[in-house]
Amino acid sequence: MRAKARFSCFAGCDEHYGLDEIVYRCKRCGALLDVEHDLAALRERSGAAWMQLFDRRWMRTEWPYGSGVWGKLEWVYPDIDPSSIVSFAEGGSNLLWAERYGRSLGLSDVWIKQCGNSHTGSFKDLGMTVLVSAVREMNRRHELAGKGARVRAIACASTGDTSAALAAYCAAAEIPALVLLPKDKVSVAQLLQPLANGAIVVSLETDFDGCMKIVQELTADGSIYLANSMNSLRIEGQKTIAAELVQQF
């Protein structure tokens, strides 16, 4: 099976870009992008075979498949080189029986997936592992072509969780992280994580929207990569939660 994935225009334009391209919006209409998978290639393996494969990888130590995200690599970024992947074994989080809450709803069997059981305490780790790994893959391919690193840093605007996840994964990837925060609108606990992981943290006299506007300007030339949720690579890791729920039940 030779599955592929690409960026496609979310609004339906016939525009497509490689996952190793630095692009956040459709160049024709300006709409956001979606990661489109080669479903015909994925169908070459039966549903039962996919279940068997995922069960065999589930929370094991074979790199990088022990991650709840990268255990579904073919559904996330099929042709990434495993050497590019940055992972803290994210995903695989517990299902907790919410007995009393279920009773209050008149239900006897309610379970809650605790996605906060992660390296940084945020479900955003699920998306950030994909985004930072994708940047490493971009740089790897660029260097193989003799062009040097394509991306020199990754940046985000944040009020907490995004900056924590970005800083942690960038530290592991040895890629500089730049975080823009609105002054006096971030808790000390959430400020400590990007600082502890070596990110460049800038406090700005504005709100989140103001930080977002500035980070888009900083990333416009492509040398600094945008890590906010308008980048659809972030969503790819979070989609794996649904597959995990099927496995756990």
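Residues numbered from 1 in each chain as written. Predicted model: local features only at pLDDT ≥ 70, side-chain atom pairs only at ≥ 80, totals over all residues. Heavy atoms only, no water.

Trainee: Requested: an account of the pairing of strand E6 (residues 153-157), with residues and values cited.
Mentor: Summarising burial for E6: five of the five residues are buried, a large majority. Side-chain alternation along E6 places Ala153, Ala155 and Ala157 on one buried face and Ile154 and Cys156 on a second face that is also buried. Pairing of E6 with strand E9 (residues 224-226) involves three bridges; the strand directions are parallel. Within the sheet, the bridge partner assigned to Ala155 lies in E9 and is Leu226. The parallel pair E6 and strand E7 (residues 177-182), bridged by helix H6 (residues 161-173), forms a crossover whose chirality is right-handed. (Buried < 20%, exposed > 50% of the residue type's maximum accessible area, 1.4 Å probe, protein only. Helix = DSSP H or I, 4+ residues; strand = E, 2+ residues; numbered from the N terminus. Pairing = 2+ DSSP bridges. Right-handed = clockwise from strand over helix to strand, strands pointing away.)

Trainee: Outline the sheet that holds strand E8 (residues 200-204), supporting the account with residue identities and numerical values.
Mentor: Hydrogen bonds between backbone atoms are what pair the strands of a sheet, whose relative direction is either parallel or antiparallel. With parallel pairing, the four strands of this open sheet are ordered in space as E8-E7-E6-E9. The strands lining the two open edges of the sheet, one partner per strand, are E8 and E9. Shown here is a sheet whose adjacent strand axes are inclined to one another by a mean of 25 degrees, direction ignored. Each of E6 and E7 is contacted by H6, which is oriented at about 170 degrees to E6, the strand it contacts most. Sheet strands in contact with helix H8 (residues 208-218) are E6, E7, E8 and E9, and its direction is about 150 degrees off that of E7. (Axes fitted to C-alpha atoms, helices over the stretch in contact; angles between N-to-C directions. Contact = heavy atoms within 4.5 Å.)

Trainee: Give a detailed account of the packing of aromatic side chains, specifying residues and quantitative values.
Mentor: Here the structure, examined in full by the defined rule, presents six aromatic pairs. Relative to Tyr169, the ring of Phe88 lies with its centre 4.5 Å away and its plane at 45 degrees, an arrangement referred to as tilted. Highlighted residues: Phe88 in the loop between helix H3 (73-76) and strand E4 (95-97) and Tyr169 in helix H6, separated in sequence by 81 residues. Exposure remark for Tyr169: the relative accessible area of 0% places this residue in the buried category. Aromatic ring contacts, followed pair by pair, group Trp50, Phe54 and Trp75 into a single cluster. If you follow Arg45 out to its NZ or CZ, it ends over the ring of Trp50, 4.5 Å from the centre. (Phe/Tyr/Trp six-rings, centres within 6.5 Å; stacked < 30°, edge-to-face > 60°. Lys NZ or Arg CZ within 6 Å of the ring centre and 35° of its normal.)

Trainee: Outline H8, supporting the account with residue identities and numerical values.
Mentor: Residues Gly210, Cys211, Met212 and Val215 constitute the buried set of H8. If you follow the buried residues of H8, they end up packed against E6, E7, E8 and E9. Backbone nitrogen of Asp209 and a side-chain oxygen of the N-cap are separated by 3.3 Å at the start of H8; the cap is Asp207. (Polar contact = N/O pair within 3.5 Å; in protein donor to acceptor, adjacent residues only side chain to side chain.)

Trainee: Outline the pairing of E7, listing residues and values.
Mentor: Along E7, six of the six residues are buried, which leaves the element largely enclosed by surrounding structure. Here E7 shows no split at all, with Ala177, Val179 and Leu181 on one side and Leu178, Leu180 and Pro182 on the other all buried. Where E6 lies against E7, four bridges are found, and the strand directions are parallel. Pairing of Ala157 across the sheet is with Leu180, part of E7. Taken together, the five bridges between E7 and E8 define a ladder with parallel strand orientation. Within the sheet, the bridge partner assigned to Leu178 lies in E8 and is Ile200. Handedness of the crossover joining E7 and E8 through helix H7 (residues 188-196) is recorded here as right-handed.

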